[in-house]
Amino acid sequence: MSQAPQPFEVIVLDGPLGAEIRGVDLRTLTDATFDQLHKLWQHHLLLLFRGQSITPPDLVSLIKRFGTPVSSSNLHQRDLKERTANAVFNLPPEVTAVTNIKQDGKAVGILGDGELSWHSDFSFKDRPTAARMLVAIDVPPQEKGGNTMFLNAYAAYDALPADYKRKLSGKTVKQGNIVDTAMKLRPGASLDDDIRTAPGPSHPVICTHPLTGCNYLYLGRRHAAYVNGLPLEESEAFLDDLWARGIQQRFCYTHRWQKGDVIVWDNHATLHRRDAFDPTIQRLLYAAQVEGHKPFEAPDALSRPAHGRAPQ
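Residues numbered from 1 in each chain as written. Predicted model: local features only at pLDDT ≥ 70, side-chain atom pairs only at ≥ 80, totals over all residues. Heavy atoms only, no water.

Trainee: For this particular structure, what's the right way to read the overall build of the protein?
Mentor: Looking only at helices and strands, the protein features 7 helices and 19 strands. Rg of the C-alpha trace for the protein: 19 Å, near the compact-globule value of 20 Å for 312 residues, within the 12% margin. Within the protein, the fraction of its 312 residues that count as buried is 53%. Here the contacts in the protein between residues at least 6 apart in sequence split such that 81% fall between residues at least 24 apart. For the protein, the distance from the average position of its 35 positive side-chain charges to the average position of its 35 negative side-chain charges is 1 Å. (Helix = DSSP H or I, 4+ residues; strand = E, 2+ residues; numbered from the N terminus. Rg over C-alpha atoms; globule rule 2.2 N^0.38 Å. Buried < 20%, exposed > 50% of the residue type's maximum accessible area, 1.4 Å probe, protein only. Contact = heavy atoms within 4.5 Å. Lys, Arg positive; Asp, Glu negative; His and termini not counted. Charge placed at Lys NZ, Arg CZ, Asp CG, Glu CD.)

Here it is as structure tokens:
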């Protein structure tokens, strides 16, 4: 039998998504407390817990509450021996180090210190990850950069005019697996690859969330994307317009990291990006994620109610 819920405080973040949860130790969650948090996560899309002391095994136990963990190596379906962080930091396979730390002049983790463009993690997979979690182990002072921006894709969809939603309905976008979010080429890929034949799945532009039943705008990532059925030039113009409508500041929350922060977000119904930061300052975050569903547009998507989380 589950223990009674633990008391905690919910502070709605000043933006179109997110809530800070105070008074919870993530290492000692009861099932009843997690059930409450999971409902809040569905509504707010992003939960923030500050001042946590999370070890890598704690992170694995925590992410398992959201679903089946999947390692970055398995998601990429290639050998990642060049990433030595799991050995350096003694990490389990479910945990990935997001860091600019180097050993013997070589990066041990992923994503370095540069700017990362807007994206939804693993949009180049048939089943992108669902819950995604980051734990701040060591971060630069806030004035040195490294902020992460999150975007409410429910709100981006809900703000669209009805006639534009009808225009989007039924359309799918090819998500080419050519470059990563740091704009580095995937192994074996070329910038000259024809996106129409490049590896990668196609996902609906309008997606219906299996937990909330509401629609969100699924953008994935801008580079190496293609609107199926359109000439390339028309596809590019269509995507430029769609992204301009979707990534407006009014849909965004900017997180300024502190050591001990834990953030878990809905990777399907959000986008995120990162500012560059001072490369001379060490930054280390641990990441984990769980398997997701195959994105879909419900037959009655255009008549579905709005999600309801809007700018505060």
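We are not done yet, so read on.
Trainee: Would you take a moment to explain the pairing of strand β1 (residues 9-12) for this structure?
Mentor: Side-chain direction in a regular strand flips from residue to residue, so the side chains alternate between the two faces of the sheet. Here 4 bridges tie β1 to strand β2 (residues 19-22), and the two strands are oriented antiparallel to one another. Across the sheet, residue I11 finds its bridge partner in β2, namely E20. Taking the residues that link successive antiparallel strands as the turn, the β1-β2 hairpin has 6 residues, and the phi of G18 there is positive, at about 100°. (Pairing = 2+ DSSP bridges.)

Trainee: Explain the packing of aromatic side chains here, please?
Mentor: Each aromatic ring pair is summarised here by two numbers: the centre-to-centre distance and the angle between the ring planes. Counted by the stated rule, this structure contains 7 aromatic pairs. When the ring of Y154 is compared with that of Y216, the centres are 6.0 Å apart and the planes differ by 85°; the resulting orientation is edge-to-face. You can see Y154 sitting in helix α5 (residues 153-158) and its partner Y216 sitting in strand β14 (residues 215-217), a full 62 residues away along the chain. Put simply, the rings of F34, W41 and F66 pair up and form one aromatic cluster. Sitting over the face of the ring of Y157, K165 holds its NZ or CZ atom 4.5 Å from the ring centroid. Note that R245 overlies the ring of Y164, its terminal NZ or CZ placed 3.7 Å from the centroid. (Phe/Tyr/Trp six-rings, centres within 6.5 Å; stacked < 30°, edge-to-face > 60°. Lys NZ or Arg CZ within 6 Å of the ring centre and 35° of its normal.)

Trainee: Looking at this structure, I do not really get helix α2 (residues 56-64). What am I missing?
Mentor: Residues that lie three or four places apart on an α-helix share one face, since the helix turns once every 3.6 residues. Looking only at α2, the buried set comprises P56, L59, V60, L62 and I63. Angular distribution of buried residues about the axis of α2 spans 165°; they occupy a single face of the element. Turning to α2, the residues buried within the fold contact β9 (131-138) and β19 (284-289). (Arc of directions from axis to C-beta.)

Trainee: Teacher, can you tell me more about the sheet that holds strand β18 (residues 270-274) here?
Mentor: Strand pairs in the sheet, formed through backbone hydrogen bonds, run parallel or antiparallel to each other. Pairing within the open sheet is antiparallel, and its 4 strands lie in the order β8-β18-β10-β16. Single-partner strands in this sheet number two, and they are β8 (116-119) and β16 (252-255). Strand-to-strand twist across the sheet, computed as the mean angle between neighbouring axes with direction ignored, equals 15°. (Axes fitted to C-alpha atoms, helices over the stretch in contact; angles between N-to-C directions.)

Trainee: What's the story with the nonpolar core in this structure? I'm lost.
Mentor: Across soluble globular proteins, nonpolar side chains show a tendency to be buried alongside one another. Core analysis: the largest hydrophobic core is formed by 33 residues, its most contacted members being L26, L47, F49, L59, F66, M133 and V264. Where this core is concerned, the elements lending two or more residues are β2, α1 (31-44), β3 (46-49), α2, β9, β17 (262-266) and β19. What L47 contacts, discounting residues up to four positions off in sequence, is A19, I21, L37, L40, W41, V262, I263 and V264. (Core = buried A, V, L, I, M, F, W, Y, C linked by side-chain atoms within 4.5 Å.)

Trainee: How should the side chain of K165 be read in this particular structure?
Mentor: With respect to the helices, strands and loops of the structure, K165 is situated in helix α6 (residues 162-168). D158 provides the closest opposite charge to the buried, salt-bridge-free K165, at an N-O distance of 4.8 Å. Leaving out residues up to four positions away in the same chain, K165 has contacts with Y157, D158, L160, I206 and L302. (Salt bridge = Lys/Arg side-chain N within 4 Å of Asp/Glu carboxyl O.)

Trainee: Help me out: how do you make sense of the environment of K294 in this one?
Mentor: With respect to the element layout, K294 can be found in the segment after β19. For K294, a relative accessible area of 43% corresponds to the partly exposed category. Note: C-alpha distance between K294 and T212 (82 residues apart in sequence) is 15 Å. In this structure K294 touches D126, R127 and S202, once residues within four positions along its chain are discounted.

Trainee: Is there a simple way to think about the side chain of N100 in this case?
Mentor: Inspection of the secondary structure puts N100 in the loop between β4 (96-99) and β5 (102-103). For N100, the side chain forms a polar contact with the main-chain nitrogen of R283, separated by 2.9 Å. Excluding residues within four positions of it along the chain, N100 makes contact with G112, D113, F277, D278, P279, I281, Q282 and R283. (Polar contact = N/O pair within 3.5 Å; in protein donor to acceptor, adjacent residues only side chain to side chain.)

Trainee: Is there a simple way to explain the pairing of β3 in this structure?
Mentor: Side chains L46 and L48 of β3 all project onto a buried face; the interleaved residues L47 and F49 project onto the opposite face, where all are buried too. Where β2 meets β3, 2 bridges bridge the pair, whose relative direction is parallel. Residue pairing across strands places E20 opposite L48, the latter belonging to β3. Crossover handedness for the path β2 to α1 to β3: right-handed. (Right-handed = clockwise from strand over helix to strand, strands pointing away.)

Trainee: Would you take a moment to explain the confidence of the model for the protein for this structure?
Mentor: Should pLDDT be low for a region, the predicted coordinates there are not to be read in detail. In the predicted model, the protein carries a mean pLDDT of 91, and the fraction of residues at 70 or more is 90%. Overall, residues 76-82 carries pLDDT values under 50, and its contacts beyond four positions in sequence, including any with other chains, amount to 11 contacts. (pLDDT = per-residue confidence, 0-100.)

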